[in-house]
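What follows is each chain in one-letter form.
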Amino acid sequence: VGKKIQAIYLWWHKPVVDKELLQSLPNLKVIANSGVGMDHLDLKLVASFGVKMANAPRAVSSSTADTGMALLLASARRLVEVHNISISPSVEYCEPDILGVKVTGATLGIIGMGSIGYKIALRAKAFEMNILYHNRTRRQVQEEQAVGATYCKKIDSLLQQADFVMLVVSLTPQTHKLIGKRELELMKRAATLINISRGAVVDQEALVAALQSGVIRAAALDVTSPEPLPRDHPLLKLKNVIITPHLGIKTDKATFMITEEAVENILAALSGLPLPNEVLPS
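Everything numeric in this text was worked out from a predicted model, so none of it was measured.

Novice: Kindly report on the overall build of the protein chain, identifying the contributing residues and their values.
Specialist: A count of helical and extended segments in the protein chain gives 10 helices and 10 strands. Taken over the C-alpha trace, the protein chain has a radius of gyration of 21 Å; the compact-globule value for 282 residues is 19 Å, and the two agree within 12%. Taking the principal axes of the C-alpha coordinates as reference, the protein chain spans close to 65 × 50 × 35 Å. Taking contacts inside the protein chain between residues at least 6 apart in sequence as the whole, the part at least 24 apart equals 62%.

Okay, structure coming up:
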């Protein structure tokens, strides 16, 4: 049926789009992705076959921002740890020295201020947080003022000041292992790293070492590399880490909206119209 197929809707990186598949689909016009990140596609390869590509940024931004804030709050108040204590059959009382970190008034550093990063800033403003951000391009002044965000031209400045550092960048050659040993050592010892972008944005070996030695206080990760981690991975054994299985977009409404957005892009491509969310190879 290869000649009949004109569109592919990718759900959770399936099917795998490689040269062999593209060669078998001579009339393919568009690939619509269920999410924002396109790092699982060879964009230049796909474009060389004359196939257009689109993602679904509108549908996922709110749910992913919610996930980021949920991880921040859960880590700050040690919710997973105290939940396990509360349900333990051997517990007779709760230790009074299990102290969390105050979120109100703390400084949040957002690395990547796209649509998701900006929605995180909106949520952080409601928690009366001080907001710093680093981005390839600076937001307009009125957008900064709306959330009370301060632009950091250099990532080092943000890392040195933030109590919570949240990663909201796309995975590219430039962002691969963006946060490594040097960057972790720039952070406050009481700081928390939150990653809702892609696992490979962080050097995981360096992160393990930083968490074990107290270079940073904690980490909350919705993404790892690989996913899932091997069951003997040291990150799974640390009390100061929360890991969720790439939940960013997984809500009932977001899933429905992603499909709608993908269909919108597919219909536009098949009708010869501009794609609302076309992604071009860099």
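Right, picking up where we left off after that structure.
Novice: Describe the packing of helix α3 (residues 57-76) against helix α10 (residues 252-270), listing the residues and the values that go with them.
Specialist: Running from N to C, α3 and α10 point in directions that differ by 160 degrees, and their axes come no closer than 8 Å. Judged by the angle between their axes, α3 and α10 are roughly antiparallel. As for how α3 packs across α10, the hand of that crossing is left-handed. Facing α3, whose interface residues are Pro57, Arg58, Ala59, Val60 and Ser63, α10 presents Ala254, Met257, Ile258, Glu261 and Glu264.

Novice: Which residues make up the side chain of Thr244, and what values do they have?
Specialist: Checked against the element boundaries, Thr244 lands in the loop between β10 (241-243) and α10. On the basis of relative accessibility, which here comes to 19%, the residue Thr244 falls in the buried class. A polar contact of 2.6 Å, which involves the side chain of Thr244, links it to the side chain of Asp222. Each residue touching Thr244, except ones within four places of it in the same chain, is listed here: Leu71, Leu221, Asp222 and Val223.

Novice: Tell me about the sheet that holds strand β5 (residues 130-134), and name the residues and values.
Specialist: With parallel pairing, the seven strands of this open sheet are ordered in space as β6-β5-β4-β7-β8-β9-β10. Edge positions in the open sheet fall to β6 (149-151) and β10, since each of these has one partner strand only. Each strand axis lies, on average, 15 degrees off the axis of its neighbour in the sheet, ignoring direction. Docked against the sheet, helix α5 (residues 115-126) engages β4 (107-111), β5 and β7 (164-167), running at close to 170 degrees with respect to β4.

Novice: So what's going on with the domain arrangement of the protein chain? Residues and values would help.
Specialist: What the domain assignment reports for the protein chain is domain 1 (2-59 + 251-271) and domain 2 (60-243). When each unit is reduced to the centre of its C-alpha atoms, the spacing between domain 1 and domain 2 is 30 Å. Applying the counting criterion to the domain 1 and domain 2 interface returns one salt bridge. Of the charged contacts in the structure, one is a salt bridge between Asp39 and Arg198, with a shortest N-O distance of 3.0 Å. At the surface where domain 1 touches domain 2, the tally comes to five residue pairs in polar contact (both at pLDDT 80 or more). A per-element tally of the side of domain 1 that touches domain 2 places α3 first, with three residues. Considered class by class, the residues forming the side of domain 1 that touches domain 2 number six nonpolar, three polar and two charged.

Calculation criteria
Residues numbered from 1 in each chain as written. Predicted model: local features only at pLDDT ≥ 70, side-chain atom pairs only at ≥ 80, totals over all residues. Heavy atoms only, no water. Helix = DSSP H or I, 4+ residues; strand = E, 2+ residues; numbered from the N terminus. Rg over C-alpha atoms; globule rule 2.2 N^0.38 Å. Contact = heavy atoms within 4.5 Å. Axes fitted to C-alpha atoms, helices over the stretch in contact; angles between N-to-C directions. Parallel < 35°, antiparallel > 145°, perpendicular 65-115°, else oblique. Left-handed = near helix turned anticlockwise from the far one by under 90°. Buried < 20%, exposed > 50% of the residue type's maximum accessible area, 1.4 Å probe, protein only. Polar contact = N/O pair within 3.5 Å; in protein donor to acceptor, adjacent residues only side chain to side chain. Pairing = 2+ DSSP bridges. Domains from an automatic or database assignment. Salt bridge = Lys/Arg side-chain N within 4 Å of Asp/Glu carboxyl O. Nonpolar A, V, L, I, M, F, W, Y, C, P; charged D, E, K, R; others polar.

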